[in-house]
Amino acid sequence: MSEHKSLVETIAGVLKSNEWAVATAESLTGGDLCARLIDMPGASEVVRGGIVAYATDLKSSLLGVDRDLLARHGPVTAEVARQMAAGVRELCRADYGLATTGVAGPGDSEDGPEGLVYIAVVGPSQSAVRELNLSGGRSAVRSATVAEGLALLREVVEREVDERGTHSST
């Protein structure tokens, strides 16, 4: 838990010092990622909000994910994660959108094997999508996804700082 707190503090510091904000679009993490980001005091300065789009149709209607993409490939793909992140970024008027989609389990689903997860971050000029293949059951998959989502957000934000030559509090 303290590892998450340290990571969140680092992310919040970089966002705050650059006057940037983040918003989350979550499926399998069900709001846990946004909750982790708002754990620390002062989060209102850097977190715009979050959307839990657990149902596939909400990914399209709320976040703007392409309906044909969802119909052809289902909700657990790298491109769906990227579109979710871009959609929440726009919807919440945030500098960064962070999204999760995957199969937490128990067991495999028609969308993929248990533990298949995609995380995406979309920012002003930097973005990334990461595929994870996690194990350990539903709770472990969700917890690891939150940790990996925070880590990916930090990586993308720090690349933005490096590219722009702006300041960082890390």
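The coordinates are above.
These remarks concern the structure in this document. Because the structure is a prediction, the values reported are computed rather than measured.

Secondary structure summary: the protein contains six helices and five strands in total. In the protein, the succession of helices and strands from N to C terminus is α-β-α-β-α-α-α-β-β-β-α. Its C-alpha radius of gyration of 15 Å places the protein within 12% of the 15 Å reference for a compact globule of 170 residues. For the protein, the residues scored as buried account for 49% of the 170 residues in total. For the protein, contacts bridging at least 24 residues in sequence account for 64% of all contacts bridging at least 6. When the accessible surface of the protein is totalled, it reaches about 7900 Å², and 46% of it is carbon and sulfur. Treating the 16 positive side-chain charges of the protein as one cloud and the 24 negative ones as another, the clouds have centres 4 Å apart.

A few words now on the pattern of salt bridges. Evaluated as defined, the whole model comprises eight salt bridges. Put simply, Arg 36 and Asp 39 hold a salt bridge, and the shortest N to O gap is 2.9 Å. The exposure class of Asp 39 is exposed, given its relative accessible area of 52%. A cluster of three or more residues bridged by salt bridges with shared partners is formed by Arg 130, Glu 148 and Glu 155.

Right, let's talk about the environment of Lys 59 for a bit. Along the chain, Lys 59 turns up in helix 3 (residues 56-61). Residues Lys 59 and Val 88, 29 residues apart in the sequence, show an inter-C-alpha distance of 10.0 Å. Residues contacting Lys 59, with those up to four places away along its chain left out, are Ser 27, Ala 53, Tyr 54, Gly 64, Val 65, Leu 70, Pro 75, Val 80, Met 84 and Thr 101. Side-chain polar atoms of Lys 59 contact the backbone oxygen of Tyr 54, separated by 3.1 Å.

In this structure, Pro 106 follows Gly 105 across a cis peptide bond, with omega equal to 10°. Its location among the elements puts Pro 106 in the loop between strand 3 (96-102) and strand 4 (116-122). Positioned with a positive phi, Arg 93 is a non-glycine residue whose angle comes to about 55°.

On a regular strand, each side chain points to the face opposite its neighbour's, so the side chains alternate between the two faces of the sheet. In the sheet, strand 4 pairs with strand 5 (residues 127-133) via seven bridges, with the strands oriented antiparallel. Bridging across to strand 5, Val 117 finds its partner in Leu 132. Hairpin connection of strand 4 to strand 5: four residues between the antiparallel strands.

Next up on the list: the layout of surface pockets. Roughly 230 Å³ of volume is contained in the largest pocket. Ser 27, Tyr 54, Gly 102, Val 103 and Asp 111 are the residues nearest the centre of the largest pocket, which is lined by 15 residues in total. Elements with a minimum of two residues in the lining of the largest pocket: helix 3 and strand 3. Each residue belonging to the lining of the largest pocket can be placed in one class, and the counts come to six nonpolar, six polar and three charged.

It is worth spelling out the nonpolar core at this point. Among the nonpolar cores identified, the biggest contains 32 residues, and Leu 15, Val 22, Tyr 96, Leu 98, Leu 150 and Leu 153 are the most heavily contacted of them. Put simply, the parts of the chain that give this core at least two residues each are helix 1 (2-17), helix 2 (32-37), strand 3, strand 4, strand 5 and helix 6 (138-164). The leading source of residues in this core is helix 6, at eight residues. Those residues in contact with Leu 15, other than ones at most four positions away along the chain, are Trp 20, Val 22, Val 46, Tyr 96 and Val 157. In terms of nonpolar packing, the next biggest core, distinct from the first, is built from 22 residues, Ala 53, Leu 63, Cys 92 and Val 122 among them.

Looking now at the sheet that holds strand 5. With mixed pairing, the five strands of this open sheet are ordered in space as 2-1-3-4-5. Each of the sheet's edge strands pairs with one partner strand only, and the pair in question is strand 2 (47-52) and strand 5. When the angles between neighbouring strand axes are averaged without regard to direction, this sheet yields 10°. Along the sheet, helix 5 (residues 78-91) makes contact with strand 1 (22-26), strand 2, strand 3, strand 4 and strand 5, crossing strand 3 at roughly 145°.

Conventions adopted
Residues numbered from 1 in each chain as written. Predicted model: local features only at pLDDT ≥ 70, side-chain atom pairs only at ≥ 80, totals over all residues. Heavy atoms only, no water. Helix = DSSP H or I, 4+ residues; strand = E, 2+ residues; numbered from the N terminus. Rg over C-alpha atoms; globule rule 2.2 N^0.38 Å. Buried < 20%, exposed > 50% of the residue type's maximum accessible area, 1.4 Å probe, protein only. Contact = heavy atoms within 4.5 Å. Areas by Shrake-Rupley, 256 points an atom, 1.4 Å probe, with all protein chains shown as cover. Lys, Arg positive; Asp, Glu negative; His and termini not counted. Charge placed at Lys NZ, Arg CZ, Asp CG, Glu CD. Salt bridge = Lys/Arg side-chain N within 4 Å of Asp/Glu carboxyl O. Polar contact = N/O pair within 3.5 Å; in protein donor to acceptor, adjacent residues only side chain to side chain. Pairing = 2+ DSSP bridges. 1 Å grid on protein atoms, 1.4 Å probe; cavity = no way out; pocket = protein on both sides within 12 Å on 5 of 7 lines; lining within 4 Å. Points joined across faces, edges and corners; volume = space filled by probe spheres on them. Nonpolar A, V, L, I, M, F, W, Y, C, P; charged D, E, K, R; others polar. Core = buried A, V, L, I, M, F, W, Y, C linked by side-chain atoms within 4.5 Å. Axes fitted to C-alpha atoms, helices over the stretch in contact; angles between N-to-C directions.

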